[in-house]
Amino acid sequence: MGDAAVAEQAQEALRLADAEPARAVALATRIVAQARRERDPAAAAVAERAWGLALRHRGDVDSAIAHLREAVRLGRRAGSALLAAEARMTLSSALLERGRPQQARAEIDAALGNLDGVARARALTQRGTIMLELGRLPEAVADYRTALPAIREAGDLLWLLRVLSNRGLAHAYRHEFGPAETDLREAERLARRLDLGLRVGFAQANLAFVLAARGDVPAALDYFDRAERRIRDHGAQVGSLLQDRSELLLSVRLVSEARETAEQAVAELCKEQRGIKLPEVRLLLAQAAYLDGDPAGSLRHARLAAREFARHQRPEWAALARLAVLRCEYAGARSSRSEDAGARSSRISLRRVDAVVTALTAAGWPVASIEGRLLAARILIDRGRVEEGHAHLREASRARRGGGPAILRARAWYAEAMLRQASGDRRGATNAIRAGLRVLDRHRAVLGATDLRAFVAGHRTELVEAGLRIAVEDGRPRRVLEWADRGRASHLLQQPLRPPDDPSLADALAELRATVTEINTTPGTDRADGATMARLLHRQGALERKIQGHARRQPGEAAARPAAPVRPAVLAAALAGRALVEYVQLDGVLYALTLCDGRSRLRQLATMSQVDGLLDRIPFALHQLVRRHRDPATSADATAAAFALLQHAASRLDRLLLGPLTELGDSPLVVVPTGSLQCLPWSVLPSCAGRPLTVSPSATLWYTASRPATPSPAHVMVAAGPDLPGAREEAEAVAKIYGTEPVIDPAATVDAVMAELDGASVAHLATHGRLSAHNPLFSDLRLSDGPLLVYDLERLPRVPHTVVLAACDSARSVVCAGDELLGLSATFLARGTTQLVASVLPILDTETAPFMVAFHEQLAGGRPPAVALAAAQQQLAGDPATMVVAAGFVCVGAGFTSPALPARAP
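Nothing here was measured: the structure is a model prediction, and the numbers come from that model. (Residues numbered from 1 in each chain as written. Predicted model: local features only at pLDDT ≥ 70, side-chain atom pairs only at ≥ 80, totals over all residues. Heavy atoms only, no water.)

**A closer look at unusual backbone geometry**
- The omega torsion across Asp745 and Pro746 is 10°, close enough to zero to call that bond cis.
- Structurally, Pro746 is set in the loop between strand 7 (743–744) and helix 36 (750–757).
- Residues other than glycine seldom take positive phi values, yet Asp723 does so here, at roughly 65°.
- Secondary-structure assignment places Asp723 in the loop between strand 6 (716–720) and helix 35 (727–738). (Helix = DSSP H or I, 4+ residues; strand = E, 2+ residues; numbered from the N terminus.)

As structure tokens, then:
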């Protein structure tokens, strides 16, 4: 191989370093050895640089630095300032990743001193990247702007790709999303044109980051998936991608997933030896912990991130971490028992707050700058320095009419509301809060996935609480009703989206069912060795992630909006002799708002801690009774003790929740619970025994469900799942009441049951039920061929009018911020089911059948579900075993609307 051939091969290795790092390392290894044998330091310098660049892409940064330093030495030995400077450019990037920014700047400045023309433009590009990582965005953009003309003129497409990729990110950090997307889409096209597969992946990852920051979550998730597949296929680093994905998940309030992904990013970055990125992920962990109700964990991560940013000499990023520290300290001060607001926050230095706000504003972090100003305003107002606090609010509110992201504008409207309220303009403050909510609702409308719609509503809570607080202070019950309803279960009032028919989704659901069935039927011997079960569980997790990802990538409808809160006068007319009780919690206090005989009242009841302490005892006592009923050896004294605990807790809770509401009399009730009250078995309260009662996620949802078009008589479907000895008998007895044939295991497959559910007037399912607390959309009803999931229900063309689930925990939902509900019952209601009768507790299979028969006899006789349920519970109150089963059942939804039943066969 001659000198020219060695040099050409070295250049080929350099090209491959960006496209196929593994091949580049193998080629560079051979070229270095050949160049040394032929005493060609110039070719060796290029090959060493290619070797180092490829190793950097593969995460071995320390080895990369060693090879790049050798490339610098060889370039000097060859007498080529250009080769040495080019090696320094790549070395500076590796040093920056390793967390040595000052050494990186020294290397790039040394390179710039020996370069001109297009080579100097490349070095300016690299310096811009260093400034970008340090958070010095204006300097980064300036370097890219200077470098770009020379690189374009030279036709250097590879370096043009680098400029566009990094400038796109700089624009994104500054919330200049149009220019950012333009740069990054051009970068993706260039990478494809140059056949640089890995660079295509990086461009897609950067585009995902921009789309996420702009608020297009479905498109961002799609690009993240594409990018991760491509980057992993090339064996390259995914730490930064996981970091950006965590930030996206956090933006839609998927807090636990964001924390888990950030932890994965930390592990990857440590493996990749990319110390420069670690504090950024620690800052994400701090934010996730704060939203997850873990201020101590948040403070720990934030302080560690601040120290690491300071050590790296990244003051702009350090300001973000210091803001997180201050927010945690302020939250801790607010929760202390100091006598007044000023004392609570007096230990926080205003000088520190001002320094953080100044740094964030100068660095161009707009959302963080607003958060800093809101914090400063709160502290100043707490201390009586009202005018200074108002100045910060005025500055923060300026962004409300700009074109920035929805979260930025919503926070600016929140600042404007605080400002107006402080000046005594309560009506103006309320209008500002409504404007902020409109911004967030438009943002949420683009989301098609149910869980994203529910979790992203967490952004609404602080605005809604501000409006609710004004209404409570004004003491106007009807205004409180409006704001209480604005802040709960809002995603259930959005127009539901039926996922498009997709064979890949159907295949994934079928494969998941088969996998779960295999898990449930794996013999004990195979379970014991662990390998079989580990393989099945791994497959289950992969399929669930695939299904969830598919759903989250579906776009919403930009024009869709939640229904406006029902007007109290309209609601009062619809109640028609029934009474509404809506529970509201604000600042740890529980209030009850009643609407009875056209008159609304508001009362303060108790602290939430008092209520929660009693709530915990009721399911415990009922579980004890169920357990003791199943164990024949249980003593009468133990059973009596469990009954006594149940009666004591229920009586005390009844006095707290309903005792003060004397205006209710014995009227049938529509109950709108909040927080932990969502899972209360209401019939155990003495005031509710035998009283027709329905539970609704919101008053507006109850009104909407109560006024459907008059249904035409439709079929009744009854089904029984596997592994429940009493399910067959129960299904046969219920089906006989309606003169229909039940679908019974093994015929009760998911496809068969889904076909029967479609458009049914009444649907009764007796089967195992499971609420998945971690992934509520994987809650299920077990059928013959596996689980019927929430994702299956979302594909139903028409849901039944009235649903009865004789399945454990099937009325329970996962309660997210803002009383947003996810689970089986919530999905039926969101898709249009008028009402649902199910249990919030585990149930006894064999004792459920008599209760279900009693209920359906009442329902078939023309009584509405809430009335039929109360009558059946009262009818069987004398039988302890059946009473325990019946106690867990609640009616959810309209409750007082009878289904249209077909004429029964003789």
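**Let's talk about the packing of aromatic side chains**
- Tallied over the entire structure, the rule returns 8 aromatic pairs.
- Between Tyr173 and Trp317 the ring centres are 6.3 Å apart and the planes differ by 90°, which places this aromatic pair in the edge-to-face class. Note that Tyr173 is positioned in helix 9 (residues 157–173) and Trp317 in helix 17 (residues 315–334), a separation of 144 residues in sequence.
- Taking the relative accessible area as the measure of exposure, Tyr173 reaches 16% and is therefore buried.
- Assessed through its relative accessible area of 8%, Trp317 is described here as buried.
- Over the face of the ring belonging to Trp159 we find Arg162, whose NZ or CZ atom lies 4.3 Å from the ring centre.
- Lying across the ring of Tyr223, Arg226 places its NZ or CZ 4.5 Å from the centre. (Phe/Tyr/Trp six-rings, centres within 6.5 Å; stacked < 30°, edge-to-face > 60°. Buried < 20%, exposed > 50% of the residue type's maximum accessible area, 1.4 Å probe, protein only. Lys NZ or Arg CZ within 6 Å of the ring centre and 35° of its normal.)

**Description of the pattern of salt bridges**
- For the structure shown, the criterion picks out 68 salt bridges.
- We note a salt bridge from Asp222 to Arg226, for which the minimum N-O separation is 2.9 Å. With Asp222 and Arg226 both in helix 12 (residues 217–233) and 4 residues apart, this pair spans about one turn of that helix.
- Between Glu329 and Arg352 there is a salt bridge whose closest N-O contact spans 3.1 Å. Taken together, the residues Glu329 in helix 17 and Arg352 in helix 19 (residues 350–363) connect sequence positions 23 residues apart.
- A relative accessible area of 36% places Arg352 in the partly exposed class.
- Ionic contacts of the salt-bridge type, sharing partners, join the residues Asp222, Asp225, Arg226, Glu228, Arg232, Arg245 and Arg553 into one network. (Salt bridge = Lys/Arg side-chain N within 4 Å of Asp/Glu carboxyl O.)

**Describing the packing of helix 8 (residues 137–154) against helix 9**
- In contact at an axis separation of 10 Å, helix 8 and helix 9 are set at 155° when each is read in the N-to-C sense. The orientation of helix 8 with respect to helix 9, classified from their angle, is roughly antiparallel. Relative to helix 9, the crossing made by helix 8 is left-handed. Mapping the contact onto sequence places Leu137, Val141, Tyr144, Leu148, Ile151 and Arg152 in helix 8 and Trp159, Leu160, Val163, Leu164, Asn166, Arg167, Ala170 and Tyr173 in helix 9.
- Residue classes in the contact of helix 8 with helix 9 are distributed as 11 nonpolar, 1 polar and 2 charged. (Axes fitted to C-alpha atoms, helices over the stretch in contact; angles between N-to-C directions. Parallel < 35°, antiparallel > 145°, perpendicular 65-115°, else oblique. Left-handed = near helix turned anticlockwise from the far one by under 90°. Contact = heavy atoms within 4.5 Å. Nonpolar A, V, L, I, M, F, W, Y, C, P; charged D, E, K, R; others polar.)

**Remarks on the sheet that holds strand 11 (residues 786–789)**
- The sheet built from 3 strands is open, its strands ordered 9-10-11 with antiparallel pairing. If you trace the sheet from one side to the other, it starts and ends with strand 9 (769–770) and strand 11, each paired once.
- Bridging between strand 10 (residues 780–783) and strand 11 involves 4 bridges; their strand directions are antiparallel. Bridge pairing in strand 11 places Arg782 opposite Pro787.
- Relative to the sheet, helix 27 (residues 503–521) contacts strand 10 and strand 11, its axis offset from that of strand 11 by approximately 135°. (Pairing = 2+ DSSP bridges.)

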